[in-house]
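In case you want the letters, here they are:
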Amino acid sequence: FDEKTIRSIYHIRSLDVFRIKQLQQGKIDITISHDWPRGIVWYGDVQRLLQRKQYFHDDIYTNQLGSEPLEEVLLRIQPKYWFSAHLHVKFSALVEHTNGQLTRFLALDKCLPGRDFLQILDIEPTNPSSSPPTNRLSLDPEWLCILAKTDHLLHVQRTNTFLPSILQNSFTPNEDDYRKVQDDFSNTFEIPEIFELTGPIHTLGSGNIPIDIEQLRKNNPQTELLCHMLGIRNPIDVILNRKIQPIQFDQTSSSDQTN
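Keep in mind it's a predicted model, so treat the numbers as computed, not measured.

Student: What am I meant to see in the overall build of the protein chain here?
Tutor: The secondary structure content of the protein chain amounts to ten helices and four strands. Overall, the protein chain shows an N-to-C arrangement of helices and strands of α-β-α-α-α-β-β-β-α-α-α-α-α-α. Expressed as a percentage of the 259 residues in the protein chain, the buried residues total 29%. Sequence-distant contacts in the protein chain: of pairs separated by 6 or more residues, those separated by 24 or more amount to 66%. With the model as given, the accessible surface of the protein chain reaches about 18200 Å², and the carbon-plus-sulfur share is 52%.

Student: Please explain unusual backbone geometry as it appears in this structure.
Tutor: Excluding glycine, residues mostly carry a negative phi; peptide bonds, for their part, are mostly trans. Although it is not a glycine, Gln78 sits at a positive phi angle of roughly 50 degrees. On the secondary structure map, Gln78 appears in the loop between helix H4 (68-77) and strand S2 (81-84). Even without a glycine there, the phi angle at His86 is positive, about 75 degrees. Using a relative accessible area of 35% as the deciding quantity, one classes His86 as partly exposed.

Student: What am I meant to see in a nonpolar patch on the surface here?
Tutor: A cluster of nonpolar side chains, namely Ile30, Ile32, Leu121 and Ile123, defines an oily patch on the protein surface of about 350 Å² accessible area. Mapped onto the elements of the fold, Ile30 is located in strand S1 (residues 30-32). By relative accessible area, Ile30 is classed as partly exposed at 40%.

Student: Would you mind going over the packing of aromatic side chains with me for this structure?
Tutor: Note on aromatic pairs: each is described by the distance of the centres and the angle between the planes. Applying the stated rule across the entire model yields eight aromatic pairs. Relative to Phe56, the ring of Tyr55 lies with its centre 5.2 Å away and its plane at 85 degrees, an arrangement referred to as edge-to-face. The class of Tyr55 is exposed, set by a relative accessible area of 59%. For Phe56, a relative accessible area of 5% gives the class buried. Aromatic ring contacts, followed pair by pair, group Trp36, Phe91 and Phe105 into a single cluster.

About the cut-offs
- Residues numbered from 1 in each chain as written.
- Predicted model: local features only at pLDDT ≥ 70, side-chain atom pairs only at ≥ 80, totals over all residues.
- Heavy atoms only, no water.
- Helix = DSSP H or I, 4+ residues; strand = E, 2+ residues; numbered from the N terminus.
- Buried < 20%, exposed > 50% of the residue type's maximum accessible area, 1.4 Å probe, protein only.
- Contact = heavy atoms within 4.5 Å.
- Areas by Shrake-Rupley, 256 points an atom, 1.4 Å probe, with all protein chains shown as cover.
- Patch = residues over 30% accessible without salt bridge, like charges linked within 9 Å, V, L, I, M, F, W, Y side chains within 5 Å.
- Salt bridge = Lys/Arg side-chain N within 4 Å of Asp/Glu carboxyl O.
- Phe/Tyr/Trp six-rings, centres within 6.5 Å; stacked < 30°, edge-to-face > 60°.

Have a look at this one:
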C-alpha cells in the first residue's frame, strides 16, 4: 500500500452496507460500530453533549458528525440496540422509528480513570428456548442467503461500480433461498471447532515479528469452508487474483465439518 491506498483499509465498502440493508427490518438485536451513525445526536441530549465536547458544534449543525452509511443502516434495519465508540464521550439516545420500532443507542468514553467507559446491560433473548442455552457461536441462515445472492456484486477493480436499487428487494432471502441453505448446511448452523493457527504468535517482549508475505496471504480454513459450502468466491482470492482451486473433503468427515 502507498499513502493513498492504505486509507482503504478502514473505509466502508458500499457492498457491505448494501448487504446489511437486506436484513429483515427490526429483527437485529444488537449492532456494534466504531463510528456513530450520522444524526444520532438529535435523538439524545445534544446540548449536554456540546457542554462536554464544544468542538462538535460545527460538525453537528452541518450534519457531518458520524457516518452517513451507518445512518442509512440504522434507519433501514432498526436494531433494538446500537453500541458505538470513537468520539470518547458517553452519550445515549432513543430512536423512535416511523413504524414505532425503537433503537436504544449507547456510546461510551475512553478507558481512562474517572471516565464513563463501562456500563452493564441485561438483554433478554428475543425468543427464549426451553432447552438449555448454548455458548457455541452459530451462523445466521438469513446472512448466509444474502452472501450467496450478492456474491456476483463483489468488485475490487479501481473503477466506479453501481449497486442495484435497494427498492428492488431482489436480494432479500425468500423461502427457496432458506430451503437451499438449510439443505447445504444440513440445517445445522453451529460453527465447527476447526480453528487453525494462520499467523505468528506475538510473545510479550519479543519485539516486532518479521513479516512473512506468504503467511499473510494464507486463507483462513473456516472462511474457505464457508465459501465452498455457499458456492461463493473467497474475497481474499478475489483481491489477490488467485486461481481458485476446488476444495477436496473426505466424504466420511464432510458431515462432521459441516456440523
